[in-house]
Amino acid sequence: MRADFSPPGRGEERRHTPGSSELAVAFRRLGDLAVAHAARGTGAPAFRRAPADALGRLCDIPDHGRPLDEALETLLSDAMAYGMDTGHRRFFAFIPSPASPLSWLGDLAASIHNRHAGSELQSEGATAVERGLIRFLCDAVGYGAGSGGLFVSGGSMANLAGLCLARDRRLTRDERPRGVVYLTRETHASVAKALRVIGFFDDQIRMIATDDALRMEPAALAEAVAEDRANGARPFAVAASAGTTNTGAIDPLAEIADICESEDLWLHVDGAYGASVALSPAHRACLTGIERADSLSWDAHKWLFQTYGCGVLLARDAGQLPGSFALTSDYLRDGAAEGVEPNFWDLGPELTRPDRAARLWLTLQVMGRSGVGRAIARGISLAEAAERAVRGTPGWRIVSPAQLAILVFRYAPEGLSDEAADAVNAAAARRLMEDGFAVVGTTRVGGRLCLRMCAIHPDATDEDMEETVARLDALAREIAAP
Ligand SMILES: Cc1ncc(COP(=O)(O)O)c(C=O)c1O
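Please read all numbers here as calculations on a predicted model, not as lab measurements.

J.: Tell me about the confidence of the model for the protein chain, and please be specific about residues and values.
T.: In the predicted model, the protein chain carries a mean pLDDT of 95, and 96% of its residues have values of at least 70. Predicted confidence for residues 1-6 stays below pLDDT 50, and this span has nine contacts to residues more than four positions away or in other chains.

J.: Report on unusual backbone geometry, specifying residues and quantitative values.
T.: One non-glycine residue, Phe94, lies in positive phi territory at about 45 degrees. With respect to the secondary-structure elements, Phe94 resides in the loop between strand 2 (83-84) and helix 4 (101-113). The residue Asn114 is not glycine, and still its phi comes out positive at about 50 degrees. On the secondary structure map, Asn114 appears in the loop between helix 4 and helix 5 (124-141). On the basis of relative accessibility, which here comes to 60%, the residue Asn114 falls in the exposed class.

J.: Describe the packing of helix 4 against helix 12 (residues 357-391), with residues and values.
T.: It is the contact of helix 4 with helix 12, at a shortest axis distance of 7 Å, that shows an interaxial angle of 140 degrees. Taken as axis vectors, helix 4 and helix 12 run oblique relative to one another. With respect to the hand of their crossing, helix 4 and helix 12 are arranged in right-handed fashion. On the side of helix 4, the interface is formed by Leu102, Ser103, Leu105, Gly106, Asp107 and Ala110, while helix 12 contributes Ala358, Arg359, Leu362, Thr363, Val366 and Met367.

J.: Let's hear about helix 4: which residues, and what values?
T.: Under the 1.5 Å per step criterion, the end-to-end length of helix 4 is 19 Å for 13 residues, consistent within 8% with the ideal 18 Å. Of all the positions in helix 4, only Leu102, Ser103, Gly106 and Ala110 are classed as buried. For helix 4, the angular spread of buried residues about the axis comes to 100 degrees, placing them on one side. Facing away from the buried surface of helix 4 by more than 90 degrees, the exposed residues are Leu105, Ser111 and Ile112. Measuring from the backbone nitrogen of Leu102 back to the side-chain oxygen at the start of helix 4 gives 2.9 Å, which picks out Ser100 as the cap. Where helix 4 ends, the next residue or the one after it, Asn114, has phi of about 50 degrees, a positive value.

J.: Give me the sheet that holds strand 10 (residues 396-403): which residues, what numbers.
T.: Consider a sheet: its strands pair through backbone hydrogen bonds, and that pairing is either parallel or antiparallel. The sheet built from four strands is open, its strands ordered 10-11-13-12 with antiparallel pairing. The strands lining the two open edges of the sheet, one partner per strand, are strand 10 and strand 12 (441-445). Taken over all neighbouring pairs, the strand axes of this sheet differ in orientation by 30 degrees on average, direction set aside. For strand 10 and strand 11 (residues 406-411), the ladder comprises five bridges, and the chain directions are antiparallel. Of the residues in strand 11, the one forming a bridge with Trp396 is Tyr411.

J.: Give a description of the site of the ligand that names residues and reports values.
T.: As a structural note, the neighbourhood of the ligand is formed by 14 residues, with Ser156, Thr245, Asp270, Asp299 and His301 the closest of them. In this structure, an oxygen atom belonging to the ligand sits 2.5 Å away from a side-chain N or O atom of Ser156. Look at the ligand: alone it shows 390 Å² of surface, and the protein chains cover 83% of it. Counting residues per element, the ones that place at least two in the shell around the ligand are helix 6 (155-170) and helix 10 (300-303). Per-element tally for the shell around the ligand: the top contributor is helix 6, with three residues. The residue inventory of the shell around the ligand, partitioned by class, reads two nonpolar, nine polar and three charged.

J.: Hey, could you go over the pattern of salt bridges for me, with residue numbers and the actual values?
T.: Applying the stated rule across the entire model yields 40 salt bridges. The residue Asp464 makes a salt bridge to Arg89 at a minimum N-O spacing of 2.7 Å. Note that Asp464 is positioned in helix 14 (residues 462-480) and Arg89 in the loop between strand 2 and helix 4, a separation of 375 residues in sequence. Linking Asp228 and Arg206 is a salt bridge whose minimum nitrogen-to-oxygen distance equals 3.0 Å. Residue Asp228 is found in helix 8 (residues 218-230), and its partner Arg206 is found in strand 5 (residues 205-207); the two are separated by 22 residues along the sequence.

J.: Any details on the domain arrangement of the protein chain? Residues and values, ideally.
T.: By domain assignment, the protein chain separates into domain 1 (21-46 + 85-114 + 356-482) and domain 2 (115-353). Using only C-alpha atoms to locate each centre, domain 1 and domain 2 end up separated by 27 Å. Counting from both sides, the interface comprises 42 residues of domain 1 and, opposite them, 42 residues of domain 2. Between domain 1 and domain 2, a total of about 3400 Å² is buried, with carbon and sulfur atoms accounting for 64% of that surface. Considering only the surface of domain 1 that becomes buried against domain 2, Arg356, Ile376 and Leu404 emerge as the three largest contributors, covering 24% of it. The interface formed by domain 1 and domain 2 contains one salt bridge. Taking the shortest distance from any N to any O, the salt bridge between Arg356 and Glu350 comes out at 2.9 Å. Seen at the junction of domain 1 and domain 2, the total is 19 residue pairs in polar contact (both at pLDDT 80 or more). Only helix 4, helix 12, strand 10, strand 11, strand 12 and strand 13 (448-454) provide two or more residues apiece to the side of domain 1 that touches domain 2. Here the side of domain 1 that touches domain 2 takes 15 residues from helix 12, the largest share from any one element.

J.: Mind laying out the pairing of strand 4 (residues 179-183), listing which residues take part and the relevant values?
T.: Looking along a regular strand, one sees the side chains alternate between the two faces of the sheet. Burial runs high along strand 4: five of the five residues are buried. A two-sided burial pattern is seen for strand 4, the buried positions comprising Gly179, Val181 and Leu183 on one face and Val180 and Tyr182 on the other. Pairing analysis gives four bridges linking strand 4 to strand 6 (residues 234-241), with the strands arranged parallel. Of the residues in strand 6, the one forming a bridge with Gly179 is Arg234. Taken together, the three bridges between strand 4 and strand 5 define a ladder with parallel strand orientation. Paired with Leu183 across the bridge in strand 5 is Met207. In this fold, strand 4 hands off to helix 7 (residues 189-197), which returns the chain to strand 5; that crossover is right-handed.

Conventions adopted
Residues numbered from 1 in each chain as written. Predicted model: local features only at pLDDT ≥ 70, side-chain atom pairs only at ≥ 80, totals over all residues. Heavy atoms only, no water. pLDDT = per-residue confidence, 0-100. Contact = heavy atoms within 4.5 Å. Helix = DSSP H or I, 4+ residues; strand = E, 2+ residues; numbered from the N terminus. Buried < 20%, exposed > 50% of the residue type's maximum accessible area, 1.4 Å probe, protein only. Axes fitted to C-alpha atoms, helices over the stretch in contact; angles between N-to-C directions. Parallel < 35°, antiparallel > 145°, perpendicular 65-115°, else oblique. Left-handed = near helix turned anticlockwise from the far one by under 90°. Expected span 1.5 Å × (residues − 1). Arc of directions from axis to C-beta. Polar contact = N/O pair within 3.5 Å; in protein donor to acceptor, adjacent residues only side chain to side chain. Pairing = 2+ DSSP bridges. Near = heavy atom within 4 Å. Areas by Shrake-Rupley, 256 points an atom, 1.4 Å probe, with all protein chains shown as cover. Nonpolar A, V, L, I, M, F, W, Y, C, P; charged D, E, K, R; others polar. Salt bridge = Lys/Arg side-chain N within 4 Å of Asp/Glu carboxyl O. Domains from an automatic or database assignment. Buried area = accessible area lost by both parts, 1.4 Å probe. Right-handed = clockwise from strand over helix to strand, strands pointing away.

Below, the structure written as structure tokens:
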């Protein structure tokens, strides 16, 4: 019989679980990697292209197992090492994911125990942690007694679950074909996608006009609702944004809540990105009105420094969740709730669900609420530093000032046509990314191609922001030169 520490050679039968010494080596390797990754400095590239031959190797699945250390090395060096490093401190595109090493640890611990977080009986500890965190997040946004929610995979799923509630609480079955929802063109695409998934057609969505700061115009909303009612449609929900992806704009939540109240509309707030500022006392006021949302999306894998797959849906009245999501089956009875609180599998779309809360719990335990709040506030001041750098660089224009850590700007010197400037900005962002120094995104605002920085990595420095702007300037001038 083979001793634990002698791994089988290539082609030999393996047991389900590798031996303990083999495992210990592999986990140590991962631990070393984690520490090195956490300490990756300013020299590490924010983007790495895979060499042509690296990825092809990944498609081979061997008939017989191979040594763990060898397979792990392939995984780390070929499968994991390439692409955009969204946790790099100079990754400013999309919504970055500056996941804390504490989140990696919590995630790994949850993965090892692999509790089924659908029912309390299957995961008493994980359920208690999740309930505690949901309470904490509800309190942070000003939700009162009776509020609640659950962890989901991210903002898209939270938006979908929130809109399911809206549909089920505000429309009868017969009214569904006439149901109408109100968004703006700045609302994240996952909202329209969610509506499609839950059975609405695109012509049941109204795009409400926005003001100069790209926030929903409450007067236009009220007008659209009145017009729809007059035409026999059945307005039932508004999806407002607390931090749009494009510019960080926050819709006027309190005014929209007034309209929803008087018109009996469900208010869903997509705070996937921006709700995190609720934890920064200095910035919390910009979310005023969020506590009136019937449902709210909040992604921990964005600005709460968690690894991907960690979002939250909150509901002002959590008692409404089972109405949309509870299920019963004979084969589930063994895990059924015994106390008064329903199981998480009755509160959202998933049955089997991983323990997503452990990583955020560990992060908050170690950093504390104030530490996380300071890390969030840091992002806001980084974007302001970038704005100062852009304002101080001739030929550049601020398109949307720093707002919730997002800055939109554009190289547009005198004498360069709008179309030519579009091409120069796009090429400058591309070249910066290919160089690997930083990744800055592009978007369109007011029809023109702009550069966009979302600066939420708390370890980034003002110098990182200044150097990124300086490099963009040098690239733009070089590209635009005749
Ligand atoms: C404002 C907003 N809402 C929703 C989403 C979708 O979230 P997820 O990608 O976690 O599904 C995003 C993603 O960036 C977002 O920025």
